[in-house]
Amino acid sequence: MSSVLTIRGGVPLTGRVSVRGAKNLVPKAMVAALLGNEPSVLRNVPEIKDVEVVTSLLQLHGVTVVKDPVTGDLTLDPKGAKTAPSTAIDAHAGDSRIPILLCGPLIHAIGEAFIPDLGGCKIGDRPIDYHLNVLRQFGAVVEKRPGGIHISAPKGLHGAKISLPYPSVGATEQVLLSATRAEGITELAGAATEPEIIDLIAVLQKMGAIISVQTDRTIRIEGVRDLGGYNHRALSDRNESASWASAALVTRGDIFVEGASQRDMMTFLNTYRKVGGGMDIGEDGVRFYHRGGKLNPLVLETDVHPGFMTDWQQPLVVALTQAEGVSIVHETVYENRFGFTDALIRMGASIQVHRECLGSVPCRFGQRNFLHSAVISGPTQLKGADIDVPDLRGGFSHLIAALAATGTSRVTGIDIINRGYERFTEKLAGLGADFDISSTK
């Protein structure tokens, strides 16, 4: 069964939404609890699919996970950690890419790990080679088995000097989760330094880890024998906050996003203001709104932090279809992230995608024949259409396009949006969106 949203567009979204802990931090902090010898408490946890998947995987491995019914806080106790049946783990194959990050903690806790075939959004290659190569450098033995990968370390994990060819967030997380209890010192060059990475380091430091971040993207980890638990409030989800900001702009609405953090969104806020969006920044969140005039076109390139996040790009592209003039967006993080524009074109948007690097600096995709640059001409009137959700951010982008369009749209496969947007249909209803939910086989 798949859920379908029938949306009657043309209604400005107005009101208030609350954004909780970051999808790109919370599941990883849950995994980190496996490294401790005491219970951990994680606060500000959103109700999203990735949290459900990691909860189930941890419970399969003997970790007790208790959710406070009032606050939603999670208490994670790893003292019963054990090997899980491969058939039970395999039931999660395709649900998420988070399980690969269990490897290091499981090896430290029980000496081995089995990781099922991985799922996730189809926005690019995102190979797990980075992860496996990192684990091998720590001394792990990697074996391909039916349905997944078995990883062990007969002599334990040992510190290593690791250099990433690209500042991959996932590979950086793998190093952090593997190195904190590895014997010796680990130096990671070319690391990702996103706010979620820094928050994960804060979690590990609370547990007793010794980690320093250098100005040249080098992270140094001094391995320790044992770690304790943590008590941590997850940082707010800046990607969800930016998505609601773009929704306000596209629908000519006015949304206060409780929990939106100015500090973690500065690059986005600058771009939002350049496009012509209005904002009022408060202590507890940010109000985003359409000023009522014309929106401005711009030239934009995505990049790793502190650049413009790739996850911010798709919802903002929908807003750029309403800008007066020609905008250029160069995607440098994921090679296939413009697949979502096909639906926008069917809805009336004027978008052309190109293989060339239409930006100030050629990127790694420029020589590989990927459609990774887009030229958006506007403004164009969007019209209702039937749409299949392709991925998490693309799916949300389709939603806000349908909400801004004239006529009725049917958006199929919205369940994937639950991976990263907590109770998004309830939030849409609270903002005045006109829609119905149904199911289809």
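Residues numbered from 1 in each chain as written. Predicted model: local features only at pLDDT ≥ 70, side-chain atom pairs only at ≥ 80, totals over all residues. Heavy atoms only, no water.

1. Examining the pattern of salt bridges
No. 1: Counted by the stated rule, this structure contains 21 salt bridges.
No. 2: Across the pair K28 and E173 runs a salt bridge whose closest N-O atoms are separated by 2.7 Å. Residue K28 is found in helix α1 (residues 26-32), and its partner E173 is found in helix α6 (residues 169-179); the two are separated by 145 residues along the sequence.
No. 3: For K427, the salt bridge goes to E240, with nearest N and O atoms at 2.7 Å. Placement of K427 in helix α13 (residues 424-430) and of E240 in helix α8 (residues 238-250) is noted, with a sequence separation of 187 residues between them. Judged on exposure class, the residue K427 and its partner E240 are both buried.
No. 4: Here the salt bridges do not stand alone but share partners, grouping R8, D434 and D436 into one network. (Salt bridge = Lys/Arg side-chain N within 4 Å of Asp/Glu carboxyl O. Helix = DSSP H or I, 4+ residues; strand = E, 2+ residues; numbered from the N terminus. Buried < 20%, exposed > 50% of the residue type's maximum accessible area, 1.4 Å probe, protein only.)

2. Quick notes on the packing of helix α10 (residues 310-320) against helix α12 (residues 392-404)
No. 1: Their axes nearest at 9 Å, the elements α10 and α12 cross at an angle of 20 degrees. When the axis of α10 is compared with that of α12, the two are roughly parallel. As for how α10 packs across α12, the hand of that crossing is right-handed. Residues D311, Q314, P315 and V318 of α10 lie in contact with α12, whose contacting residues are R393, G394, S397, I400 and A401.
No. 2: Among the residues making up the contact of α10 with α12, the classes are represented as four nonpolar, three polar and two charged. (Axes fitted to C-alpha atoms, helices over the stretch in contact; angles between N-to-C directions. Parallel < 35°, antiparallel > 145°, perpendicular 65-115°, else oblique. Left-handed = near helix turned anticlockwise from the far one by under 90°. Contact = heavy atoms within 4.5 Å. Nonpolar A, V, L, I, M, F, W, Y, C, P; charged D, E, K, R; others polar.)

3. Digging into unusual backbone geometry
No. 1: Residue P306 is bonded to the preceding H305 through a cis peptide linkage, with omega at 15 degrees.
No. 2: With an omega dihedral of 0 degrees, the bond running from G378 to P379 counts as a cis peptide bond.
No. 3: Within the secondary structure, P379 sits in the loop between β20 (373-378) and β21 (386-388).
No. 4: Unlike most non-glycine residues, N44 shows phi in positive territory, near 65 degrees.

4. What to know about the packing of aromatic side chains
No. 1: With the rule as written, the count across this model stands at eight aromatic pairs.
No. 2: Where Y272 meets F288, the ring centres are 5.2 Å apart and the plane angle is 80 degrees; that geometry is what we call edge-to-face. Here Y272 is found in helix α9 (residues 266-275), whereas its partner F288 is found in strand β16 (residues 285-290), with 16 residues between them in sequence.
No. 3: The class of Y272 is buried, set by a relative accessible area of 0%.
No. 4: What makes F288 buried here is its relative accessible area of 0%.
No. 5: Seen from their ring centres, F396 and Y421 are 4.4 Å apart, and the 10 degrees between their planes marks the pair as stacked. (Phe/Tyr/Trp six-rings, centres within 6.5 Å; stacked < 30°, edge-to-face > 60°.)

5. Some words on the sheet that holds strand β13 (residues 231-233)
No. 1: Taken together, four strands build an open sheet; the order of strands is β4-β5-β3-β13 and the sheet is mixed. Both outer strands of the open sheet, β4 (64-67) and β13, are each paired with one neighbouring strand and no more. Strand-to-strand twist of the sheet, defined as the mean angle between neighbouring strand axes without regard to direction, takes the value 15 degrees.
No. 2: Inspection of the sheet shows β4 paired to strand β5 (residues 74-77) by four bridges, in the antiparallel sense. For K67, the partnering residue across the bridge sits in β5 and is L74. (Pairing = 2+ DSSP bridges.)

6. Digging into the pairing of strand β7 (residues 141-145)
No. 1: In the sheet, β7 pairs with strand β8 (residues 148-152) via five bridges, with the strands oriented antiparallel. For K144, the partnering residue across the bridge sits in β8 and is I149.
No. 2: Connecting the antiparallel pair β7 and β8 is a turn made up of two residues, with G147 showing a positive phi of about 85 degrees.

7. Concerning the environment of G359
No. 1: In this fold, G359 is placed in the loop between β19 (350-354) and β20.
No. 2: Each C-alpha atom of the pair G359 and G430 lies 39 Å from the other, and the pair is 71 residues apart in sequence.
No. 3: In contact with G359, other than residues within four places in its own chain, are E301 and H330.

8. Things to note about the environment of A81
No. 1: Following the sequence through the fold, A81 ends up in the loop between β5 and α3 (86-90).
No. 2: Between the C-alpha atom of A81 and that of G228, which follows or precedes it by 147 residues, the distance is 15 Å.
No. 3: Excluding anything up to four places from it in sequence, A81 contacts L34, H61, G62, A109 and I110.

9. Things to note about the nonpolar core
No. 1: Counting 71 residues, the largest nonpolar core has M30, L42, L58, L76, L176 and L204 as its most contacted members.
No. 2: Broken down by element, the residue count for this core peaks at six residues, all from helix α7 (residues 195-207).
No. 3: Ignoring sequence-local partners within four residues, the contact set of M30 consists of L42, V51, V54, T55, L58, L74, L76 and Y230.
No. 4: Counting 66 residues, the second largest nonpolar core, distinct from the first, contains W244, Y272, F340 and A343. (Core = buried A, V, L, I, M, F, W, Y, C linked by side-chain atoms within 4.5 Å.)

10. With respect to the sheet that holds strand β14 (residues 254-258)
No. 1: Judged by pairing direction, the sheet is mixed, and its four strands sit side by side in the order β2-β14-β16-β15 without closing on themselves. At either margin of the open sheet sits one strand with a lone partner, and together these are β2 (14-18) and β15 (277-281). Neighbouring strand axes in the sheet, compared pairwise and without regard to direction, differ in orientation by 20 degrees on average.
No. 2: For β15 and β16, the ladder comprises five bridges, and the chain directions are antiparallel. Its bridge partner lying in β16, G278 is registered against Y289.
No. 3: Strand contacts of α8: β2, β14, β15 and β16, with the helix running at about 25 degrees to β16, the strand carrying the most contacts.
No. 4: Sheet strands touched by α9: β15 and β16. Its angle to β15, the strand with the most contacts, is close to 135 degrees.

11. A few points about the pairing of β16
No. 1: For β16, the buried fraction is high: five of the six residues fall into the buried class.
No. 2: Alignment of β14 against β16, held across five bridges, turns out to be antiparallel. Within β16, the position partnered with I255 by the bridge is F288.
No. 3: Once β15 ends, the chain turns through three residues before running back antiparallel as β16.

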